[in-house]
Amino acid sequence: IIFFFPTGWVGIDPSRSVFNTIRNLFLIPILAFRGDSVGEEGHKFTESWFPYVDYIAFIDASLHHLVYGSNPKAIQMVQSFNNKVFYDRKVLKDIDVSFIGYLDRSPERAEYVNFLRNSGINVVTAGGHENGSLSWEEYGSLMSRSKISLAFTHNVLTGRIFEIMACKTMIIEDYNDEAKQYFIEGDDIISAEDKEDMLAKVRFFLNYDSEREKITNAGYEKVTKLYNTKNMWAYVLNKVGFHVLGDSYYGDYYTKMESLR
């Protein structure tokens, strides 16, 4: 089987005809992984690939949201995380709140961060155009040192959610219906309706360590035991006909992914 991430938008190579030739000549199944699949352009791009591959695995949204639930070529996945970078380093949590990424990617990010700072919250930002790029080790280390890390996910299931939780750090994000398919609000994830709500929740969880740690631990347990790389690959390989592991190995993951069709 060939796995690949198609890049660009509609009409951009690698040529779909090349993959079609590989399938027909060598009878090799082809699976494409899709992120950035939400929205009109993402949908057009996905539709342009379906005829040329055997499967498309979606990692940023649920199939019912993308209207591919009945498509036999569509496979539900979630973004896993690199456990060599994102893990519990057991370090001192000396950063109250962090945001690691591009502040200028959307106006909301800078607006929220500036509002928190102007309200007396010390928010450490790193990465992105304004701060310079980070090494993977720096990225994981800063996230691990944070009591709370922010995620502006815009209703997409981004890898940042899993990376924060895997570092045993609590996440506060903007409201995200997609994340609610995988996590439980108030149990292992916290979302904010607006910047005032985010400020109130940041203040609360910085003041009540036991409440913050309870949610942090629940998120960490879920991503490391359920949404891990082994479960992801066992599920995908079995879906495409490679029976590498028994159902008991990834049973809870299987049940969750199938429910999201």
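As a starting point, this report considers the structure included with it. Fair warning: this is a prediction, and the values are worked out from it, not measured in the lab.

### Quick notes on the side chain of arginine 23
Alright, step 1. As for its position among the elements, arginine 23 is in helix α1 (residues 16-26).
Alright, step 2. Residue arginine 23 is classed as buried on the basis of its relative accessible area, which comes to 17%.
Alright, step 3. When neighbours within four sequence positions are excluded, arginine 23 is seen to be in contact with Ile28, Ile30, Pro51, Tyr52, Val53, Asp54 and Lys73.

### Description of the pattern of salt bridges
Pairing is possible between side chains that carry opposite charge, provided their charged atoms lie close to one another.
Alright, step 1. As enumerated under the stated definition, the model contains 17 salt bridges in all.
Alright, step 2. Among the salt bridges present, the one from aspartate 96 reaches lysine 147, with a minimum N-O distance of 3.2 Å. Note that aspartate 96 is positioned in strand β5 (residues 95-100) and lysine 147 in strand β7 (residues 146-151), a separation of 51 residues in sequence.
Alright, step 3. Residue classification places aspartate 96 among the partly exposed residues on the basis of a relative accessible area of 28%.
Alright, step 4. Residue lysine 147 is classed as partly exposed on the basis of its relative accessible area, which comes to 22%.
Alright, step 5. In this structure, a network of salt bridges that share partners links the residues Asp88, Lys90 and Lys168.

### Regarding the environment of tyrosine 220
Alright, step 1. Structurally, tyrosine 220 can be placed in helix α9 (residues 209-225).
Alright, step 2. Among the residues examined, tyrosine 220 registers a relative accessible area of 18% and is labelled buried.
Alright, step 3. In this structure, tyrosine 220 is in contact with Asp88, Met165, Ala166 and Lys168, ignoring residues within four places of it in sequence.

### Topic: the nonpolar core
Alright, step 1. The biggest cluster of nonpolar side chains holds 42 residues, and the ones touching the most others in it are Met77, Ile161, Phe162, Phe183, Tyr227 and Tyr253.
Alright, step 2. Considering each element in turn, this core owes the most residues, five residues, to helix α7 (residues 159-166).
Alright, step 3. Discounting residues that sit within four places of it in the chain, methionine 77 has contacts with Phe33, Ala57, Phe58, Ile59, Tyr182, Met232, Val236, Tyr253 and Met257.
Alright, step 4. If you look at the next biggest cluster of nonpolar residues, it comprises 21 residues, including Val97, Leu103, Ala192 and Leu206.

Reading guide: rules and limits
Residues numbered from 1 in each chain as written. Predicted model: local features only at pLDDT ≥ 70, side-chain atom pairs only at ≥ 80, totals over all residues. Heavy atoms only, no water. Helix = DSSP H or I, 4+ residues; strand = E, 2+ residues; numbered from the N terminus. Buried < 20%, exposed > 50% of the residue type's maximum accessible area, 1.4 Å probe, protein only. Contact = heavy atoms within 4.5 Å. Salt bridge = Lys/Arg side-chain N within 4 Å of Asp/Glu carboxyl O. Core = buried A, V, L, I, M, F, W, Y, C linked by side-chain atoms within 4.5 Å.

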